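# Tertiary structure, described
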Amino acid sequence: MDQAIGRLIGIKVLVLDKEASRSLYRRGFYGKPFGIRKPKDIDFEAPLELSLIEALYLVEKGLLRVLNNEKGEVTDAQIRALIKKYFRKGNLLYMVYKDLRERGFIARSGLKFGADFAVYELGPGIDHAPFLVHVVDSNKKIDPVDIVRAGRLSHSVRKKFIIATVDENTGSIKYIAFKWFKP
Amino acid sequence: MPVKAVMRDDAIFVEEDYSRLEAMGYGVVVDDALRLDPVEALYLTYIGEITVYSNSNILDFESLVKILHSKDPLLWVKFTVYYDLRSRGRVVRPGVTDNSLLLYSSKKSTRAEIAIYVVEEAKIMKLRELVEWIRSARMQGRTTVLAVVDKHGDVTYYETSIIEPLKKVG
């Protein structure tokens with residue numbers, strides 16, 4: 001597959017060529033076809049909007065080149081720096097995103113479910129419901145009720161929700177599954 | 001009639017007529033006396049099954065809470081979870097670690113199949129420690145449950161496990 005060309009617009013990367021846009025989306029539900037509401041629709045005629053996290057992954061995979069306004073190349077290191085600058089726990093998010101993608105899952109934004117990622121086995125609109133993944137620094141102290149809060153939102157979607165704990169120094173990621181328990 | 005218990009060197013013992021309590025899953029027999037964990041002693045005092053004496057004075061529930069809490073800051077939270085489970089008719093025992101309890105899945109069980117990790121709102125925790133606890137309890141063949149006690153004393157339970165996300169093939 002040819003490398004798609006993306007343009008860095010603020011903290012988004014836009015793939016304006018419709019052919020390249022469809023091709024990336026079909027490959028693994030990367031990004032969001034602009035203005036298209038049904039995620040199942042893979043025959044759209046629209047540009048593709050990628051998050052910086054998705055863009056970095058695709059650049060690392062060699063599937064995407066990112067250019068800035070002056071047509072200069074935006075390197076993976078530069079995208080990484082932007083992620084760190086703009087998103088709290090940005091690096092951790094990227095590590096988990098990459099790990100899930102490398103395991104063959106479709107990871108997408110989980111914001112509308114109150115999670116960091118919504119994770120699909122086949123794809124949005126195809127799977128019955130995504131797994132919801134919350135990303136937490138394994139060395140950071142958390143309030144136990146944050147787990148309950150995560151659970152409250154996630155339970156409306158699936159019986160289980162997942163916390164990915166990440167050690168930034170070692171790169172180790174552990175997935176803890178939580179399931180409602182009635183004693 | 002409550003059974004008499006005595007506090008000796010910070011531990012609580014029932015020295016006579018303890019077979020019924022023992023059969024109900026309370027305490028451990030040590031030198032012909034039933035040694036109760038602080039949480040068990042508190043519960044049995046609360047429900048009127050025992051009266052705890054220190055020398056010849058009776059320690060009522062309030063005194064007992066004061067004394068035991070000063071030695072274990074997690075006492076009340078553990079008691080909250082212990083009480084919740086006992087009041088649901090479950091057999092529960094003190095756990096292997098300070099902040100855990102053991103739960104029997106039925107009255108006939110000879111071994112506690114479920115380990116419960118007790119945490120409280122606003123008492124910060126590290127997920128790394130939870131991960132390690134889950135690992136070791138799972139290695140002993142137990143189901144692991146997290147009990148979160150919120151500021152109002154409500155308990156939320158989650159069954160927890162460490163998973164290796166793998167995609168189903170096909």
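Residues numbered from 1 in each chain as written. Chains lettered and ligands numbered in written order. Predicted model: local features only at pLDDT ≥ 70, side-chain atom pairs only at ≥ 80, totals over all residues. Heavy atoms only, no water.

## A closer look at the pattern of salt bridges
Scanning all chains against the criterion turns up 18 salt bridges over all chains. Note that Lys89(A) is salt-bridged to Asp116(A), the shortest N-O span being 2.8 Å. Of this pair, Lys89(A) sits in the loop between helix 3 (76–86) and helix 4 (90–102) while Asp116(A) sits in the loop between strand 7 (106–109) and strand 8 (117–120); the two residues are 27 residues apart in sequence, bridging distant segments of the chain. For Lys89(A), a relative accessible area of 27% puts it in the partly exposed group. Notably, a salt bridge pairs Glu15(B) with Arg8(B), separated by 2.8 Å at the nearest N-O pair. Residues joined by salt bridges that share partners form a network here, namely Glu19(A), Arg22(A) and Glu45(A). (Salt bridge = Lys/Arg side-chain N within 4 Å of Asp/Glu carboxyl O. Helix = DSSP H or I, 4+ residues; strand = E, 2+ residues; numbered from the N terminus. Buried < 20%, exposed > 50% of the residue type's maximum accessible area, 1.4 Å probe, protein only.)

## Considerations on the packing of helix 2 (residues 52–60) of chain A against helix 3 of chain A
Residues and elements named next belong to chain A. Running from N to C, helix 2 and helix 3 cross one another at 160°; their axes reach a closest spacing of 10 Å. Considering the angle they form, helix 2 stands roughly antiparallel to helix 3. Along this stretch, helix 2 crosses helix 3, giving a crossing that reads as left-handed. The segment helix 2 lies against helix 3, with Leu52, Ile53, Leu56, Val59 and Glu60 engaging Asp76, Ile79, Arg80, Leu82 and Ile83. For the contact of helix 2 with helix 3, the class distribution of residues is 7 nonpolar, no polar and 3 charged. (Axes fitted to C-alpha atoms, helices over the stretch in contact; angles between N-to-C directions. Parallel < 35°, antiparallel > 145°, perpendicular 65-115°, else oblique. Left-handed = near helix turned anticlockwise from the far one by under 90°. Contact = heavy atoms within 4.5 Å. Nonpolar A, V, L, I, M, F, W, Y, C, P; charged D, E, K, R; others polar.)

## A closer look at the domain arrangement of chain B
Residues and elements named next belong to chain B. Under the domain assignment used here, chain B contains domain 1 (3–71) and domain 2 (91–159). A C-alpha centroid distance of 23 Å is found between domain 1 and domain 2. Taken together, the contacts link 7 residues of domain 1 with 4 residues of domain 2. Where domain 1 abuts domain 2, roughly 360 Å² becomes buried across the two surfaces, and 49% of that area is made up of carbon and sulfur atoms. Considering only the surface of domain 1 that becomes buried against domain 2, Gly25, Asp37 and Glu40 emerge as the three largest contributors, covering 65% of it. (Domains from an automatic or database assignment. Buried area = accessible area lost by both parts, 1.4 Å probe.)

## Comments concerning the nonpolar core
Leu24(A), Leu50(A), Leu64(A) and Val96(A) are the most contacted members of the largest nonpolar core, which has 52 residues in total. Core analysis: the next-biggest nonpolar cluster, separate from the first, contains 37 residues, Phe181(A), Ala41(B), Ile114(B) and Ile116(B) among them. (Core = buried A, V, L, I, M, F, W, Y, C linked by side-chain atoms within 4.5 Å.)

## Here we look at a positive patch on the surface
Taken together, the side chains of Lys159(A), Lys160(A), Lys179(A) and Arg138(B) make up a positively charged region of the molecular surface. Relative to the helices and strands, Lys160(A) resides in strand 11 (residues 160–166). (Patch = residues over 30% accessible without salt bridge, like charges linked within 9 Å, V, L, I, M, F, W, Y side chains within 5 Å. Areas by Shrake-Rupley, 256 points an atom, 1.4 Å probe, with all protein chains shown as cover. Lys, Arg positive; Asp, Glu negative; His and termini not counted. Charge placed at Lys NZ, Arg CZ, Asp CG, Glu CD.)

## Topic: helix 2 of chain A
Residues and elements named next belong to chain A. The element helix 2 is largely enclosed, with a buried count of 8 among its 9 residues. When helix 2 is considered as a whole, its buried residues turn out to be Leu52, Ile53, Glu54, Ala55, Leu56, Tyr57, Leu58 and Val59. Two residues or fewer after helix 2 comes glycine 62, characterised by a positive phi angle close to 80°.

## Quick word on the sheet that holds strand 7 (residues 92–94) of chain B
Taken together, the 10 strands give an open sheet; going across it, the order is 7(A)-8(A)-9(A)-11(A)-12(A)-12(B)-11(B)-9(B)-8(B)-7(B), and neighbouring strands pair in mixed fashion. The sheet is open, and its two edges are formed by strand 7 of chain A together with strand 7 of chain B, each paired on a single side. Across the sheet, the mean angle separating the axes of adjacent strands is 35° when strand polarity is ignored. Strands strand 9 (131–137), strand 11 and strand 12 (173–180) of chain A together with strand 9 (114–120), strand 11 (143–149) and strand 12 (155–163) of chain B of the sheet are contacted by helix 5 (residues 144–154) of chain A, whose axis makes an angle of about 85° with strand 12 of chain B. (Pairing = 2+ DSSP bridges.)

## What to know about the packing of aromatic side chains
Within the structure shown, the criterion is met by 21 aromatic pairs over all chains. Centre to centre, the rings of Tyr26(B) and Tyr43(B) are 6.3 Å apart; their planes meet at 25°, and the pair counts as stacked. Of this pair, Tyr26(B) sits in the loop between helix 1 (19–23) and strand 3 (28–30) while Tyr43(B) sits in helix 2 (residues 38–46), and the two are 17 residues apart along the sequence. Note on accessibility: Tyr26(B) and Tyr43(B) belong to one class, buried. Here the aromatic rings of Tyr46(B) and Tyr83(B) are separated by 5.6 Å at their centres, their planes lie at 85°, and the arrangement is edge-to-face. Of this pair, Tyr46(B) sits in helix 2 while Tyr83(B) sits in helix 4 (residues 75–87), and the two are 37 residues apart along the sequence. Over the ring of Phe131(A) we find Arg158(A), and its NZ or CZ is 3.9 Å from the ring centre. Geometry around Phe13(B) places Arg8(B) over its ring, the cationic atom sitting 4.2 Å from the centre. (Phe/Tyr/Trp six-rings, centres within 6.5 Å; stacked < 30°, edge-to-face > 60°. Lys NZ or Arg CZ within 6 Å of the ring centre and 35° of its normal.)

## So, the pairing of strand 9 of chain A
The side chains of a regular strand alternate between the sheet's two faces. All names here are of chain A. Along strand 9, 6 of the 7 residues are buried, which leaves the element largely enclosed by surrounding structure. Judged from the 3 bridges that link them, strand 8 and strand 9 form a sheet pairing that is antiparallel. In the sheet register, valine 119 faces strand 9, and the bridge partner there is phenylalanine 131. By the bridge criterion, 6 bridges tie strand 9 to strand 11 in an arrangement that is parallel. What sits directly across from leucine 132, in strand 11, is phenylalanine 161.

## A closer look at the interface of chain A and chain B
The partner chain B presents 36 residues to the 33 residues of chain A that form the contact. Summed over both partners, the interface of chain A with chain B comes to about 3100 Å²; 65% of that surface belongs to carbon and sulfur atoms. By the criterion of area lost to chain B, the three top residues of chain A are Pro144(A), Phe181(A) and Pro183(A), representing 22% of everything that side buries. One can count 2 salt bridges joining chain A with chain B. At the boundary of chain A and chain B, one finds 10 residue pairs in polar contact (both at pLDDT 80 or more). Within the residue set of the side of chain A that touches chain B, elements represented by two or more residues are strand 10 (141–142), helix 5, strand 11 and strand 12 of chain A. Grouping the amino acids of the side of chain A that touches chain B by side-chain chemistry returns 17 nonpolar, 6 polar and 10 charged. Note: strand 10 of chain A against strand 10 (residues 125–126) of chain B, 2 bridges, orientation antiparallel. Its bridge partner being in strand 10 of chain B, Ile142(A) is matched across the sheet by Met125(B). (Polar contact = N/O pair within 3.5 Å; in protein donor to acceptor, adjacent residues only side chain to side chain.)

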